[in-house]
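Tertiary structure, described
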Amino acid sequence: MTWRLHVDKTVCGATGMCAALAPDLFRLDEAYAEPVDAEIEPDELALDAADQCPTQAILVTENGREIGPRP
Ligand code: SF4
């Protein structure tokens, strides 16, 4: 099973929260965050980061189905 990570650069506020929470999954440059790898093994931290992103810029999908942020 593979998850895909996506950061919407148009809404990312560059807070760095995701990179602080999950540095193996997200990195921050000066303008926005991006996934370290677009495809990952399932990792609860990815969902936590998506949940906590203040601008809901992080999308986590599994087989094309949105699983994060959680409702
Ligand atoms: S937590 Fe959200 S707004 Fe902050 S850097 Fe990550 S993707 Fe951008």
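Residues numbered from 1 in each chain as written. Predicted model: local features only at pLDDT ≥ 70, side-chain atom pairs only at ≥ 80, totals over all residues.

Inspection of the region around the ligand gives 16 residues, with Cys-12, Thr-15, Cys-18, Ala-33 and Cys-53 positioned closest. For the shell around the ligand, the per-class residue count stands at 12 nonpolar, 4 polar and no charged. (Near = placed C-beta within 6 Å. Nonpolar A, V, L, I, M, F, W, Y, C, P; charged D, E, K, R; others polar.)

On to the pairing of strand β5 (residues 58-62). Bridge count between strand β1 (residues 3-7) and β5: 5 bridges; the pairing is antiparallel. In the sheet register, Trp-3 faces β5, and the bridge partner there is Glu-62. Connecting β5 to the next strand, strand β6 (residues 65-68), in antiparallel fashion are 2 residues, including Asn-63 with a positive phi near 50 degrees. (Pairing = 2+ DSSP bridges. Helix = DSSP H or I, 4+ residues; strand = E, 2+ residues; numbered from the N terminus.)

Moving on to the nonpolar core. Ranked by size, the top nonpolar core spans 15 residues in total, and within it Cys-18, Ala-46, Ala-49 and Ile-58 carry the most contacts. Elements that contribute at least two residues to this core include exactly β1, α2 (44-52) and β5. Looking at which element gives the most residues to this core, the answer is α2, with 3 residues. The residues contacting Ile-58, other than those within four sequence positions of it, are Val-7, Cys-18, Ala-49, Ala-50, Cys-53 and Pro-69. (Core = buried A, V, L, I, M, F, W, Y, C linked by C-beta atoms within 7 Å. Buried ≥ 20, exposed ≤ 12 C-beta atoms within 10 Å, placed from the backbone. Contact = placed C-beta atoms within 7 Å.)

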